[in-house]
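Geometric and topological summary
What follows is the residue order along each chain.
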Amino acid sequence: MADTAELHETHSARDLSEIDWEERHRRIAEAAYYRAERRGFTPGYEEEDWIAAEREIDGSAEEFHAEDNYFPSPK
């Protein structure tokens, strides 16, 4: 049987992992929202917004090039 300190350590590591994941998800959702806002919430780009936000939050965003991020003007 595991001692109390070992159980606490295992439980704490699991909690930290869940918190990290939840915080990452929250940050991605916020970044995706602001991306959508900047282009006037034009529908149909939700997945692209989310993927770009994941890259941004995870620190793997490439340098911004306007020509690679074309969004049509809202009608």
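Heads up: the structure comes first, above all this text.
For the structure given in this document, a descriptive report is provided here.

Reading the values: rules and limits
- Residues numbered from 1 in each chain as written.
- Predicted model: local features only at pLDDT ≥ 70, side-chain atom pairs only at ≥ 80, totals over all residues.
- Heavy atoms only, no water.
- Helix = DSSP H or I, 4+ residues; strand = E, 2+ residues; numbered from the N terminus.
- Buried < 20%, exposed > 50% of the residue type's maximum accessible area, 1.4 Å probe, protein only.
- Contact = heavy atoms within 4.5 Å.
- Areas by Shrake-Rupley, 256 points an atom, 1.4 Å probe, with all protein chains shown as cover.
- Salt bridge = Lys/Arg side-chain N within 4 Å of Asp/Glu carboxyl O.
- Expected span 1.5 Å × (residues − 1).
- Arc of directions from axis to C-beta.
- Patch = residues over 30% accessible without salt bridge, like charges linked within 9 Å, V, L, I, M, F, W, Y side chains within 5 Å.

Here we come to the overall build of the protein chain. Helix and strand counts for the protein chain stand at two helices and zero strands. Every one of the 75 residues in the protein chain was classed for burial, and the buried ones make up 12%. Within the protein chain, residue pairs in contact and separated by at least 24 positions form 50% of the contacts whose partners lie at least 6 positions apart. Accessible surface, the protein chain: about 6,500 Å² in total, of which carbon and sulfur atoms supply 53%.

The next subject is the pattern of salt bridges. Here the idea is simple: oppositely charged side chains can pair when their charged atoms come close. Evaluation of the coordinates by the stated rule reveals seven salt bridges. Here Arg 26 and Glu 30 are joined by a salt bridge, their closest N and O atoms 2.8 Å apart. Of the two residues, Arg 26 and Glu 30 are both situated in helix 1 (residues 4-38); the distance of four residues between them amounts to about one turn of the helix. Given a relative accessible area of 41%, Arg 26 falls into the partly exposed group. Using a relative accessible area of 36% as the deciding quantity, one classes Glu 30 as partly exposed. Here Arg 39 ties to Asp 49 by a salt bridge, and the two come within 2.1 Å at their closest N and O atoms. A residue pair is termed long-range when its members are at least 10 positions apart, and Arg 39 in the loop between helix 1 and helix 2 (46-57) and Asp 49 in helix 2 qualify at 10 residues. Owing to a relative accessible area of 5%, Asp 49 belongs among the buried residues under this scheme. Beyond isolated ion pairs, a larger network of salt bridges with shared partners links Glu 23, Arg 26, Arg 27 and Glu 30.

Moving on: helix 2. Under the 1.5 Å per step criterion, the end-to-end length of helix 2 is 16 Å for 12 residues, consistent within 8% with the ideal 16 Å. Of all the residues in helix 2, the buried ones are Asp 49, Ala 52 and Ala 53. What you see down the axis of helix 2 is that its buried residues fit within an arc of 100°, all on one side. The positive-phi residue at the C-terminal boundary of helix 2 is Gly 59, with phi of around 80°.

The subject of this paragraph is a nonpolar patch on the surface. A cluster of nonpolar side chains, namely Tyr 33, Tyr 34 and Phe 41, defines an oily patch on the protein surface of about 310 Å² accessible area. With respect to the helices and strands, the residue Tyr 34 is situated in helix 1.

In this structure, Phe 41 takes a positive phi of about 55° despite not being glycine. Mapping Phe 41 onto the fold places it in the loop between helix 1 and helix 2. On the basis of relative accessibility, which here comes to 41%, the residue Phe 41 falls in the partly exposed class.

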